[in-house]
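Results of the structural survey
What follows is the residue order along each chain.
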Amino acid sequence: MTRRRPPRSTSADDLLTTLGRLTAQAREGAELQHARVELAEALQRDMLPARLPAVPGLRTAARYAPSQDGLDIGGDWYDGFALPDGSLGFSVGDVQGHDVEAAAFMGQVRIGLRAVAASAHDPGEVLSLANDLLMSVDSGLFATCTFLRFDPVRWEIQSARAGHVASVWATVDGWSGCAEDEGGLPLGIMAGEKYPVTRRPLLSAGAFVLLTDGVVEGPSFPIEEGMARVARAVEAGVSADPGDLAAEVMKVAELTGHTDDAAVLVLRHDGPPGAQPDGAASHVARPGGRSDESPRVSRPHVVASGVQGDGAG
């Protein structure tokens with residue numbers, strides 16, 4: 001019977017060699033992840049607008065905060081630009097995923113929205129055309145989005161939602177709420193999707209705040225609580241500088257307890273030219289689109305994409 005030689009014991013040198021190899025592999029992995037994060041941050045920084053448009057009676061500001069641990073980045077965006085007819089277009093959105101691919105897709109969505117908005121009739125058509133464009137790319141990703149058009153002639157906001165979190169509004173005469181308008185599916189899900197348009201005459205000075213879900217949702221509290229906190233911040237800061245109000249809203253994101261990125265876009269508007277300084281009427285209805293019995297509240301008017309409505313009810 002043949003006796004086996006006992007296995008050779010691992011020497012200290014062998015252990016150090018193995019440890020060195022594993023350390024090098026871990027370092028390479030960490031360096032690769034760090035490089036991906038830096039690339040995503042660069043893409044995010046370069047793709048967000050350097051400045052936002054404004055007109056007399058409308059001031060704007062935005063804030064973006066990367067994820068708290070630095071690993072999840074690249075999905076959220078905000079944008080604002082002038083349109084050929086003199087109106088202003090604004091968008092806020094959130095791409096599925098938080099990596100380099102999400103950052104690149106975010107850039108495609110943002111540029112796609114700008115491209116189609118130049119010829120579209122209203123925000124609903126903007127989202128429909130952008131959705132079909134993204135479907136043709138077949139990237140496998142999708143994005144939620146709110147697109148808003150500010151009309152300085154009618155002095156109104158027209159907006160449409162693609163699966164995105166509600167906006168928050170408040171007026172200087174004491175009204176406030178969440179704009180949970182009817183919407184459609186996120187962009188990139190189904191070709192041919194239509195997006196209803198809600199029109200809001202701005203009959204009183206106030207603020208309209210667009211945001212992403214990273215501001216209002218996380219382990220620390222549900223989205224309902226986050227929206228309530230944002231609403232309180234907007235109510236308290238409705239007369240503040242838009243940059244200060246954006247900063248106050250972004251503070252809610254710091255309390256959510258998660259690592260998602262977050263974006264806030266504030267439109268701080270006056271009442272219509274020639275209006276009474278005390279603001280005779282609010283610019284939107286109470287949350288859910290319900291009109292209040294008081295004549296001080298204007299009802300949002302929902303129309304099909306591409307069809308012009310008559311404004312307040």
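These figures come from a predicted structure and were not determined experimentally.

Helix and strand counts for the protein chain stand at five helices and eleven strands. Per-residue burial for the protein chain yields a buried fraction of 49% across its 313 residues. Restricting the contact set of the protein chain to residue pairs at least 6 apart, pairs at least 24 apart contribute 73%. Of the roughly 14900 Å² of accessible surface on the protein chain, a fraction of 53% belongs to carbon and sulfur atoms.

Before going further, it helps to spend a moment on the sheet that holds strand E1 (residues 58-65). One open sheet accounts for five strands, arranged E1-E10-E9-E6-E7; its pairing is antiparallel. Of all the strands in the sheet, just E1 and strand E7 (176-179) have a single pairing partner and so form its edges. Along the sheet, successive strands turn relative to each other by an average axial angle of 15°, direction set aside. Where E1 meets strand E10 (residues 262-269), eight bridges bridge the pair, whose relative direction is antiparallel. Bridged to Leu58 within E10 is His269.

A separate point is the pairing of E10. Within E10, eight of the eight residues are buried, which leaves it mostly tucked inside the rest of the structure. Residues Ala262, Val264, Val266 and Arg268 line one face of E10 and the alternating positions Ala263, Leu265, Leu267 and His269 line the opposite face, and both faces are buried. Pairing between strand E9 (residues 206-211) and E10: six bridges, direction antiparallel. Counterpart to Ala207 in the pairing with E10 is Arg268.

Further remarks concern the nonpolar core. Among the nonpolar cores identified, the biggest contains 44 residues, and Trp77, Leu113, Leu127 and Leu267 are the most heavily contacted of them. Looking at which element gives the most residues to this core, the answer is helix H2 (residues 100-117), with seven residues. The next biggest cluster of nonpolar side chains, apart from the first, holds 26 residues, and it includes Val168, Ala170, Val238 and Ala253.

Moving on, we get to the environment of Ala233. By secondary structure assignment, the location of Ala233 is in helix H4 (residues 223-236). C-alpha of Ala233 to C-alpha of Leu245: the two residues are twelve residues apart in sequence and 7.7 Å apart in space.

Where H2 meets helix H3 (residues 123-137), the axes come as close as 9 Å, and the angle between the chain directions of the two elements is 135°. Relative to H3, the element H2 is oriented oblique. Crossing hand, H2 versus H3: right-handed. Contacts between H2 and H3 involve Phe105, Gln108, Val109, Gly112, Leu113, Val116 and Ala117 from the former and Val126, Leu127, Leu129, Ala130, Leu133, Leu134 and Val137 from the latter. Split into classes, the residues belonging to the contact of H2 with H3 amount to twelve nonpolar, two polar and no charged.

Applying the stated rule across the entire model yields ten salt bridges. Of the charged contacts in the structure, one is a salt bridge between Asp151 and Arg149, with a shortest N-O distance of 3.8 Å. Under the relative-accessibility criterion, Asp151 is labelled buried at 8%. Residue Arg149 is classed as buried on the basis of its relative accessible area of 11%. Between Glu248 and Lys251 there is a salt bridge, with the nearest N and O atoms lying 2.9 Å from each other. Here Glu248 and its partner Lys251 are both found in helix H5 (residues 242-253), three residues apart, which amounts to about one turn of the helix. Among the charged side chains, a network of salt bridges with common partners joins Asp79, Arg110 and Arg114.

What counts, and where the lines are drawn
Along each chain, residue indices are assigned from 1 in the same order as the chain's sequence is written. Selection of residues for local features in this predicted model requires a pLDDT of at least 70, selection of side-chain atom pairs for listing and counting requires 80 or more, and totals for whole chains, interfaces and linings are taken over all residues. Based on all heavy atoms of the structure, the side-chain values leave hydrogens and waters out of the count. Helix numbering and strand numbering both begin at the N terminus, where a helix is a DSSP run of H or I of at least 4 residues and a strand a DSSP run of E of at least 2. Each residue is assigned to one of three classes by its accessible area relative to the maximum for its type, calculated with a 1.4 Å probe on protein chains only: buried under 20%, partly exposed between the two thresholds, exposed over 50%. Here, two residues are considered to be in contact whenever any of their heavy atoms come within 4.5 Å of each other. For accessible areas, the Shrake-Rupley method is used with a probe of radius 1.4 Å. Any residue's cover is judged against the shown protein chains and nothing else. We treat two strands as partners when DSSP finds at least two bridges between them. Where helices are involved, their axes are fitted lines through C-alpha atoms of the stretch in contact, as for all axes, and angles between N-to-C directions lie from 0 to 180°. Among the buried residues, those of types Ala, Val, Leu, Ile, Met, Phe, Trp, Tyr and Cys that are joined through side-chain atoms within 4.5 Å form a nonpolar core. Here the word oblique covers every angle except those under 35 degrees (roughly parallel), over 145 (roughly antiparallel) and from 65 to 115 (roughly perpendicular). For a crossing to be left-handed, the near helix must be turned anticlockwise from the far one by less than a right angle; the clockwise case is right-handed. Residue polarity follows a fixed list, in which Ala, Val, Leu, Ile, Met, Phe, Trp, Tyr, Cys and Pro are nonpolar, Asp, Glu, Lys and Arg are charged, and the others, Gly among them, are polar. In what follows, salt bridge is the name for a side-chain nitrogen of Lys or Arg lying within 4 Å of a carboxyl oxygen of Asp or Glu.

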